[in-house]
Amino acid sequence: MAKVTNTTQASFYFILTGIPGFEVSHIWISIPFCCLYTISIVGNTTILAVIRTEPSLHQPMYLFLSMLALTDLGLTLTTLPTVMQLLWLNIRKISFEACFTQFFFLHGFSFMESSVLLAMSFDRYVAICRPLHYATILTSKVIGRIALAIICRCILAVLPSLFLLKRLPFCHSHLLTHSYCLHQDMIRLVCADIRVNSWYGFALVLLIIVMDPLLIVLSYTFILKSILGTASWTERFRALNNCLSHILAVLVLYVPMVGVSMTHRFARHASPLVHVIMANIYLLAPPVMNPIIYSVKTKQIRQGINNLLFKRNMCLR
């Protein structure tokens, strides 16, 4: 089996895979993918535009929402080029450097999604459990520091795994099982000892994929305790309704994430189609669903969208 080292990477490339067993139907399959990508781009761009143009939305909750929309937009634009060029033009080759670049942004934005949802749970905790101190705790300066911490956290999480993988030789077989470059997919092609990579990946799972949901659950435990202990039924309903959008966003991210992990762990010999579908749901569901959830469930966002459309119609007249 031939190996590719750091001195021969320039001529090395990976081959992406579309929908296994449905290659002849890629043009038709591209239609729902195109619709989902369009919904994600238009939806998240609209959320950002509404928050930017409405002074009343320049509050911590909506600033965190803008971070979530930016993250979803980044995740969408990271996978869109390779997915759509494969489905439309059957371009399956991707260069070594391009694949690692996509690897960095894909996993970086995935971790960022989890980190932003964790920050949003802290926002909900402060708003409900310490409402009198909300404005003094979550100042613009603090929010800026949280955003910077999230970016640094994600970069520092992804870079070591990228460099650990890049230093290893790859086998002559360079066929990936997805239409984008995932770490768990690329590492299968390595012709060397990957124990260090595996241990680092395990530590990363514990520190982000496991710890973030646990901290989110912990914050909601305190929120429920505060609501049930001091509020009337009307206030309880109002407080829970304010958290509903965030709870749905958490479920949209972590339910597919758990499904992908369980599939890789317990269904390794399942049809490749199952793995592809699960991975696509995991990467497409949050960017598509989050703008819909917040547009439907958040009155202020709905009003902002109506104001934005009204101003646009007035300008067109």
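Residues numbered from 1 in each chain as written. Predicted model: local features only at pLDDT ≥ 70, side-chain atom pairs only at ≥ 80, totals over all residues. Heavy atoms only, no water.

1. Observations concerning the side chain of Asp-72
With respect to the element layout, Asp-72 can be found in helix H2 (residues 60-89). Buried and unpaired, Asp-72 has Arg-153 as its nearest opposite-charge partner, separated by 14 Å. (Helix = DSSP H or I, 4+ residues; strand = E, 2+ residues; numbered from the N terminus. Buried < 20%, exposed > 50% of the residue type's maximum accessible area, 1.4 Å probe, protein only. Lys, Arg positive; Asp, Glu negative; His and termini not counted. Salt bridge = Lys/Arg side-chain N within 4 Å of Asp/Glu carboxyl O.)

2. Points about the environment of Cys-129
Considering the arrangement of structural elements, one finds Cys-129 in helix H3 (residues 96-129). Cys-129 sits 98 residues away from Ile-227 along the chain, and the two C-alpha atoms are 8.1 Å apart. Those residues in contact with Cys-129 that sit more than four places away from it in its chain are Phe-222, Ile-223 and Ser-226. (Contact = heavy atoms within 4.5 Å.)

3. Let's talk about the UniProt feature "transmembrane region" (unreviewed entry) in the chain
The UniProt record marks residues 27-51, 63-88, 100-122, 142-165, 199-223, 244-267 and 273-293 with the feature "transmembrane region" (unreviewed entry), using the residue numbering of this structure. Here residues 100-122 is 100% helix and 0% strand, with 33 Å between the C-alpha atoms at its ends. What you have in residues 199-223 is 100% helix and 0% strand, and the ends, taken at the C-alpha atoms, are 35 Å apart. (UniProt positions renumbered as here; feature names shortened; annotations may be inferred.)

4. Some thoughts on the side chain of Thr-82
Summarising the element assignment, Thr-82 is placed in helix H2. With relative accessibility at 7%, the residue Thr-82 sits in the buried group. A polar atom in the side chain of Thr-82 sits 3.3 Å from the backbone oxygen of Thr-79. A polar side-chain atom of Thr-82 sits 2.9 Å from the main-chain carbonyl oxygen of Ser-179. (Polar contact = N/O pair within 3.5 Å; in protein donor to acceptor, adjacent residues only side chain to side chain.)

5. Describing unusual backbone geometry
Here the phi dihedral of Asn-90 falls at roughly 55 degrees; this positive angle occurs in a residue that is not glycine. Among the secondary structure elements, Asn-90 is positioned in the loop between H2 and strand E3 (93-95).

6. Quick look at the state of the cysteines
Taken as a whole, this structure holds 1 disulfide when the rule is applied. The disulfide bridge from Cys-99 ends at Cys-181, spanning 1.9 Å between sulfur atoms. Taking the sign of the S-S torsion, about -120 degrees here, the bridge from Cys-99 to Cys-181 comes out left-handed. Residue Cys-99 is found in helix H3, and its partner Cys-181 is found in the loop between strand E4 (170-171) and helix H6 (183-186); the two are separated by 82 residues along the sequence. We note that Cys-99, like Cys-181, is buried. Residue Cys-34 stays outside any disulfide, its sulfur separated by 6.0 Å from that of Cys-35, the closest cysteine. A residue is classified by how much of its surface remains accessible, and Cys-34, at 29% relative accessible area, is partly exposed. Unpaired in this structure, Cys-152 has its nearest cysteine sulfur neighbour in Cys-154, at a distance of 9.4 Å. Overall, Cys-152 belongs to the partly exposed group, its relative accessible area being 36%. (Disulfide = S-S within 2.5 Å.)

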